[in-house]
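Spelled out from the first residue to the last, the chains are:
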Amino acid sequence: MNFFEHQDRARKNTGRLILLFILGYMATAGSIWLTVAIVAAFNTPDLGAFSTIAFDQRVIGFTLIPTTLVIGITSLVKMGQLSGGGATIAKLLGGVEVDPSTSHPAEQRLLNVVQEMAIASGSPIPKVFVIQSDAINAFAAGDTPEDAVIGITTKAIDAFDRDELQGVIAHEYSHIFHGDMVMNKRLTGAIAGIVALGVMGWICLRYIAPVLMRSGGSGKNKSNGAMIGLAVMLLGLLLMVAGFFGTLFGQLIQAAVSRQREFLADASAVQYTRNPNGIANALRKIGGWRKTTIEDPKVAAFGHYFFCSAVDSMHSTHPPLDERIRRIENLRVSTEVGAGGVEGTTGAALAAAVAPTAVKKRRHNVAAPMPMMASTASLAGTISRAGSIDSQSLVWAGTVITSLGDRIRTVANTADGARAVIYALSLSNAEDIDWIDAADPAAAVIVREIMSDVRSIPRRNRLVLVDLCVPSLLRVPEATYRPFRKAIAKLVRKDGKVSLSEWSMINTLRFRVERVLWALPEPKLIPLLALRSHAVSYLGILALTAHDPSGAAHALSQGLQQLSIGGGGLPTKDAATLDILAKNVEQLHSLSTHDRGLMLRAAVAVVAADDACDDDEYEIVRALCDAIGAPLPPLPGVS
């Protein structure tokens, strides 16, 4: 199952959750109905009339209608509360975002690991949050890879070495890639509704009833206050009894949904890092510390998000640590360079990575070492690795990030510096820095300092630099960001033209920064047939960019075969402009999840028609991936 299939399943496969939610609702509502019926029966002289009373419409209406409303409204409100993406959830759990420019060594090591994994997988770099706690735990949250966050406790940062930290972060990346975060959010909403009555009962019993009983005044008023307080106390007890069943089913639902996913995420972490000792030793360290629970009442509803059990409950949301370690140790890890695969019982469910294939040199020279696209023979492996990581890519990512230099990396981790980097990448000549002085004085100072360093970065690695700037740009206030973007748009057109490299950078800002920064709604998903003309036009422009005129038609036909949508000729010169390419990419953003995988497969087929890839082709394919939310990993081959 590839990235797109996982994402599609996560959106559609809610049947099991709905069934469990219905069972939890029935248990909760049924317990209230039964209790009310018993109380009503005891107030009648004829105890044999229980069945008549229990099924009286007034009793049913008095219990089921309010129960349904409370559970339903609470679930919807909770879902709305979590609609702000992963950062909203992290803040609810008490997390504090790590500043990308942090000087704390442990936090910087954490950010380095997260950055390497993101660059190696071609996915956006998630924000990182830290929870102050002496428990060892971590989590991932969000709706999409674009707004995903990774959270970790302060004790975990201090306790893990780099290999262990890498294994834990790789585990959390698996949840991001497999669409588990979407299910987690829905599960949180369902559980909030089911346990709502128990929470209301606790509030009545612990707070409201005592206040009423103490504030009745004197004489008759005091007696009335005591009676009302007693009634509220009895109501609280009733709701808590119902809440017990709700809490029980909530824990059962958490356990049923999350336990098997933890085994898959563990196996995926081994696949990504090809280092089973990393995550296994992390689990051993957690077992030795014996504290994973977080002392915060809000965590109870989010227990299924975490790396290990974060709350005490009768039914653990996670498998036992020793069983997880045993399964990890039973995995057979491939030792072939570039294979990056996991074999064995658990690993069989994982997509095996494809070994690199040598590619032919052609008319273009690649500026920097980077795994490249391979032949059509490895196309299936290429697509299956979208939303995945392998150890070779991790090494490459670390090497490229290091090659950028300490000064550039430090600058990219600040809000002013990140803007300065984008300005520097947009400059056609050094004289334009004077123009930046008027538009953004704070950034202009930094541009002068880094201009020569930025110009020395090979073109292929410049998108990596843009990716490193994204977390800092997401921290820029809207009042600063909007003028900045207008300035960039003017700057790239200052020389009278927009290069493909400049357009690709702006496209990354549009989909990886602005859609998250401005919380833009996801579009209504449309099937491929409805966007056929844009798909064919995009592939045609890619074919003309990737191949000489004699090979472009053949390359386009290779791509169209993947889509199975019939013919389509190469576009004319007037119909192969960046403006039209931008329009196509914007429209393809609405593709249905399943068709996104087909579209990426078609794009790779066009490029792979002559077994090579250059910077232009890579940037056009990357633009598509940014639009459809698909991680674009370093692909098989060598430069």
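Before any of the text, the structure's been laid out above.
Residues numbered from 1 in each chain as written. Predicted model: local features only at pLDDT ≥ 70, side-chain atom pairs only at ≥ 80, totals over all residues. Heavy atoms only, no water.

## Comments concerning the overall build of the protein chain
Turning to step 1, where the next piece is worked out: When its secondary structure is counted, the protein chain shows 26 helices and six strands.
Turning to step 2, where the next piece is worked out: For the protein chain, buried positions account for 56% of its 639 residues.
Turning to step 3, where the next piece is worked out: Surface exposure of the protein chain reaches about 26300 Å², of which carbon and sulfur atoms provide 59%. (Helix = DSSP H or I, 4+ residues; strand = E, 2+ residues; numbered from the N terminus. Buried < 20%, exposed > 50% of the residue type's maximum accessible area, 1.4 Å probe, protein only. Areas by Shrake-Rupley, 256 points an atom, 1.4 Å probe, with all protein chains shown as cover.)

## Structural notes on the sheet that holds strand E3 (residues 138-141)
Turning to step 1, where the next piece is worked out: Pairing is mixed across the open sheet formed by four strands, whose spatial order is E1-E2-E4-E3. Bordering the open sheet on either side are strand E1 (96-97) and E3, each of which pairs with just one other strand.
Turning to step 2, where the next piece is worked out: Direction of pairing for E3 relative to strand E4 (residues 149-153): antiparallel, over a ladder of four bridges. Following the sheet pairing, Ala140 is matched in E4 by Ile150. (Pairing = 2+ DSSP bridges.)

## Some points on the side chain of Thr153
Turning to step 1, where the next piece is worked out: Along the chain, Thr153 falls in strand E4.
Turning to step 2, where the next piece is worked out: A relative accessible area of 1% means that Thr153 is categorised as buried.
Turning to step 3, where the next piece is worked out: Ignoring sequence-local partners within four residues, the contact set of Thr153 consists of Val130, Ile131, Ser133, Ala135, Ile136, Asn137 and Ile294. (Contact = heavy atoms within 4.5 Å.)

## Quick word on helix H12 (residues 321-330)
Turning to step 1, where the next piece is worked out: Buried within H12 are the following residues: Arg324, Ile325 and Ile328. Down the axis, H12 shows its buried residues gathered within 100° of arc, on one side only. (Arc of directions from axis to C-beta.)

## A look at the packing of aromatic side chains
Turning to step 1, where the next piece is worked out: Enumeration over the complete set of coordinates arrives at seven aromatic pairs.
Turning to step 2, where the next piece is worked out: Judged by centre distance (5.7 Å) and plane angle (50°), the rings of Tyr173 and Phe177 are tilted. Here the residue Tyr173 and the residue Phe177 both occupy positions in helix H8 (residues 162-177), the gap between them amounting to four residues, near one helical turn. Each member of the pair, Tyr173 together with Phe177, is buried.
Turning to step 3, where the next piece is worked out: A centroid spacing of 5.8 Å and a plane angle of 80° characterise the contact between Tyr481 and Trp518, whose relative ring orientation is edge-to-face. Linking Tyr481 in helix H20 (residues 478-492) with Trp518 in the loop between helix H21 (500-517) and helix H22 (532-546), this pair joins segments that are 37 residues apart in sequence.
Turning to step 4, where the next piece is worked out: For Tyr481, a relative accessible area of 0% gives the class buried.
Turning to step 5, where the next piece is worked out: Each member of the aromatic cluster is reached from another via a ring pair, and the members are Tyr423, Tyr481, Phe484 and Trp518. (Phe/Tyr/Trp six-rings, centres within 6.5 Å; stacked < 30°, edge-to-face > 60°.)

## Here's the deal with a nonpolar patch on the surface
Turning to step 1, where the next piece is worked out: Side chains of Val199, Trp202, Ile203, Tyr207, Ile208 and Met240 sit close together on the surface and give an oily, nonpolar patch of about 540 Å² of accessible area.
Turning to step 2, where the next piece is worked out: If you tally residues by element for the nonpolar patch, the top one is helix H9 (residues 180-214), at five residues.
Turning to step 3, where the next piece is worked out: Positionally, Ile208 belongs in helix H9. (Patch = residues over 30% accessible without salt bridge, like charges linked within 9 Å, V, L, I, M, F, W, Y side chains within 5 Å. Salt bridge = Lys/Arg side-chain N within 4 Å of Asp/Glu carboxyl O.)

## A look at unusual backbone geometry
Turning to step 1, where the next piece is worked out: Phi is positive for Arg274, which is not a glycine, with a value near 50°.
Turning to step 2, where the next piece is worked out: Within the secondary structure, Arg274 sits in the loop between helix H10 (220-273) and helix H11 (276-289).
Turning to step 3, where the next piece is worked out: By relative accessible area, Arg274 is classed as partly exposed at 22%.
Turning to step 4, where the next piece is worked out: One non-glycine residue, Ala519, lies in the positive phi region at around 50°.
Turning to step 5, where the next piece is worked out: You can see Ala519 is positioned in the loop between H21 and H22.
Turning to step 6, where the next piece is worked out: Given a relative accessible area of 62%, Ala519 falls into the exposed group.

## Quick look at the side chain of Asn184
Turning to step 1, where the next piece is worked out: Relative to the elements of secondary structure, Asn184 occurs in helix H9.
Turning to step 2, where the next piece is worked out: Classification of Asn184 by relative accessible area gives buried; the value is 3%.
Turning to step 3, where the next piece is worked out: Here the side chain of Asn184 touches Arg261 through a polar contact of 2.6 Å, side chain to side chain.
Turning to step 4, where the next piece is worked out: When neighbours within four sequence positions are excluded, Asn184 is seen to be in contact with Arg261, His304 and Tyr305. (Polar contact = N/O pair within 3.5 Å; in protein donor to acceptor, adjacent residues only side chain to side chain.)

## Concerning the layout of surface pockets
Turning to step 1, where the next piece is worked out: Looking at the largest pocket, its volume works out to about 960 Å³.
Turning to step 2, where the next piece is worked out: Considering the residues around the largest pocket, the lining is formed by 44 residues, among which Asp143, Thr144, Glu146, Asp147 and Glu522 are closest to the centre.
Turning to step 3, where the next piece is worked out: For the lining of the largest pocket, the elements supplying multiple residues, two or more each, are helix H1 (3-12), helix H5 (86-92), H9, H21, helix H25 (593-607) and helix H26 (615-628).
Turning to step 4, where the next piece is worked out: Among the elements that line the lining of the largest pocket, the one with the most residues is H21, at five residues.
Turning to step 5, where the next piece is worked out: Within the lining of the largest pocket, the residues separate by chemical class into 22 nonpolar, ten polar and twelve charged. (1 Å grid on protein atoms, 1.4 Å probe; cavity = no way out; pocket = protein on both sides within 12 Å on 5 of 7 lines; lining within 4 Å. Points joined across faces, edges and corners; volume = space filled by probe spheres on them. Nonpolar A, V, L, I, M, F, W, Y, C, P; charged D, E, K, R; others polar.)

## Notes on the packing of H11 against H12
Turning to step 1, where the next piece is worked out: Where H11 contacts H12, the axes come no closer than 10 Å and their chain directions differ by 165°. By the angle class used here, H11 and H12 are roughly antiparallel. As H11 packs across H12, the resulting crossing turns out to be left-handed. Where H11 abuts H12, its residues Pro276, Ile279, Ala280, Leu283, Arg284, Ile286 and Gly287 lie against Leu321, Arg324, Ile325, Ile328 and Glu329.
Turning to step 2, where the next piece is worked out: Class assignment of the residues belonging to the contact of H11 with H12 gives a composition of eight nonpolar, one polar and three charged. (Axes fitted to C-alpha atoms, helices over the stretch in contact; angles between N-to-C directions. Parallel < 35°, antiparallel > 145°, perpendicular 65-115°, else oblique. Left-handed = near helix turned anticlockwise from the far one by under 90°.)

## What about the pattern of salt bridges?
Turning to step 1, where the next piece is worked out: Applying the stated criterion across every chain yields a total of 28 salt bridges.
Turning to step 2, where the next piece is worked out: Residue Arg419 is joined to Asp416 by a salt bridge in which the shortest nitrogen-to-oxygen separation is 2.9 Å. Taken as a pair, Arg419 and Asp416 lie in helix H16 (residues 415-426) at a separation of three residues, close to a single helical turn.
Turning to step 3, where the next piece is worked out: For Asp416, a relative accessible area of 32% gives the class partly exposed.
Turning to step 4, where the next piece is worked out: Asp467 is the partner of Arg622 in a salt bridge, and the nearest nitrogen-oxygen pair spans 2.6 Å. With Arg622 in helix H26 and Asp467 in helix H19 (residues 459-473), the pair connects residues that are 155 residues apart, well separated along the chain.
Turning to step 5, where the next piece is worked out: What makes Asp467 buried here is its relative accessible area of 7%.
Turning to step 6, where the next piece is worked out: Linked through salt bridges whose partners overlap, the residues forming this network are Asp467, Arg512, Arg622 and Asp626.

## Let's talk about the environment of Tyr272
Turning to step 1, where the next piece is worked out: As for its position among the elements, Tyr272 is in helix H10.
Turning to step 2, where the next piece is worked out: Using a relative accessible area of 1% as the deciding quantity, one classes Tyr272 as buried.

## Details of the environment of Thr154
Turning to step 1, where the next piece is worked out: Mapped onto the elements, Thr154 comes out in helix H7 (residues 154-159).
Turning to step 2, where the next piece is worked out: Judged by its relative accessible area of 18%, Thr154 is buried.
Turning to step 3, where the next piece is worked out: Along the backbone, Thr154 and Ala106 are 48 residues apart, and their C-alpha atoms lie at a distance of 9.4 Å.

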